[in-house]
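# Examining the three-dimensional arrangement
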Amino acid sequence: MFVVMSDSHYDREVIKSIKEKYQNTASHIFHCGDSELPSSDEIWKGITVVAGNCDYDDGYPEYVLKEVEGKNVLITHGHLFYVGLGLEHYSYFAEEKEADIALFGHIHRPVVQKINHTVYVNPGSVAQPRGEYDIKMYAVIEIEEEQYNISYHNLQHEPIPELQFKL
Ligand SMILES: [Mn+2]
């Protein structure tokens, strides 16, 4: 099981809360960018984080490819691949990197979508939700054999019933 959050936009406490909740049980914690915190912040110990379009600290990478629980996990913010227009550009990159799971943020909306071999997940925003679901949220991803269970949680760490996916 690993945890993905994004777009915390200056809210350091929410990162701390999620980190404290999962640091002893999750195999990894990801943040898809737009934290607007310094890249040297100690909060990032044990978290993989990338640069968002609102991050002006050049210490953040644009993307990271990391093996987690035997899967290739790609993480990027998404603005460089125009994810506001869809996943076409990001899918070229993710397929070139042979990603099993491709994480992104930027649009502040939950997305779970499989294209060819790759599952794309946007965890929504822990600070500024937009669109259909006005809920601050993050995603918990469980890998069972060849099945992915993607469970969105609110900031009380409760599953959001309408945002539970198996694929
Ligand atoms: Mn953002």
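Residues numbered from 1 in each chain as written. Predicted model: local features only at pLDDT ≥ 70, side-chain atom pairs only at ≥ 80, totals over all residues.

### Re the overall build of the protein chain
In terms of helices and strands, the protein chain carries 2 helices and 11 strands. Order of helices (α) and strands (β) in the protein chain, N terminus to C terminus: β-α-β-β-β-β-α-β-β-β-β-β-β. Against the globule reference of 15 Å for 167 residues, the protein chain gives a C-alpha radius of gyration of 14 Å, in line with a compact fold. With respect to the three principal axes, the spread of C-alpha positions in the protein chain is 35 × 35 × 30 Å. Burial analysis of the protein chain (167 residues in total) assigns 37% to the buried set. Sequence separation of at least 24 residues holds for 48% of the intrachain contacts in the protein chain that already meet a minimum separation of 6. (Helix = DSSP H or I, 4+ residues; strand = E, 2+ residues; numbered from the N terminus. Rg over C-alpha atoms; globule rule 2.2 N^0.38 Å. Buried ≥ 20, exposed ≤ 12 C-beta atoms within 10 Å, placed from the backbone. Contact = placed C-beta atoms within 7 Å.)

### A closer look at unusual backbone geometry
For Asp7, which is not glycine, the phi torsion reads 45° and is therefore positive. By secondary structure assignment, the location of Asp7 is in the loop between β1 (2-5) and α1 (12-22). A count of 29 C-beta atoms within 10 Å places Asp7 in the buried class. Of note in the backbone geometry, Tyr82 takes a positive phi value of approximately 55° without being a glycine. Considering the arrangement of structural elements, one finds Tyr82 in the loop between β5 (71-76) and α2 (88-96).

### Some words on the pairing of strand β9 (residues 137-144)
Pairing of β1 with β9, which is carried by 3 bridges, proceeds in the antiparallel orientation. Residue pairing for β9: Phe2 is matched across the bridge by Ile141. With 8 bridges connecting them, β9 and strand β10 (residues 147-154) associate as antiparallel partners. Note on β10: the bridge partner recorded for Ala139 is Tyr152. In this structure, the hairpin formed by β9 and β10 is closed by a connection of 2 residues, where Glu145 is found at a positive phi of approximately 50°. (Pairing = 2+ DSSP bridges.)

### What to know about the environment of Glu162
With respect to the element layout, Glu162 can be found in strand β11 (residues 159-166). Glu162 gets classed as exposed once you count the C-beta atoms within 10 Å, which come to 10.

### A closer look at the pairing of β11
The element β11 is largely exposed, with a buried count of 0 among its 8 residues. Sheet topology note: the β10/β11 ladder contains 4 bridges and is antiparallel. Opposite Ile150, over in β11, you have Phe165 as the bridge partner. Linkage of β10 to β11, two consecutive antiparallel strands, is achieved through a turn of 4 residues, within which His157 is found at a positive phi near 65°.

### Description of the nonpolar core
The biggest cluster of nonpolar side chains holds 39 residues, and the ones touching the most others in it are Val4, Ala102, Leu103 and Val121. Those residues in contact with Leu103, other than ones at most four positions away along the chain, are Val4, Phe30, Cys32, Val73, Leu74, Ile75 and Val121. (Core = buried A, V, L, I, M, F, W, Y, C linked by C-beta atoms within 7 Å.)

### Brief notes about the sheet that holds β5
Strand order in this open sheet of 5 strands is β4-β5-β6-β8-β7, and the pairing throughout is mixed. Two strands close off the open sheet at either side, each with one partner strand: β4 (63-68) and β7 (110-115). Shown here is a sheet whose adjacent strand axes are inclined to one another by a mean of 20°, direction ignored. Note: β5 against strand β6 (residues 101-103), 3 bridges, orientation parallel. Bridge pairing in β6 places Leu74 opposite Ala102. (Axes fitted to C-alpha atoms, helices over the stretch in contact; angles between N-to-C directions.)

### Regarding the UniProt feature "domain: Calcineurin-like phosphoesterase" (unreviewed entry) in the protein chain
Per the UniProt entry, the sites bearing "domain: Calcineurin-like phosphoesterase" (unreviewed entry) are residues 2-145 in this numbering. Taken as a whole, residues 2-145 contains 14% helix and 32% strand, while its terminal C-alpha atoms sit 15 Å from one another. (UniProt positions renumbered as here; feature names shortened; annotations may be inferred.)

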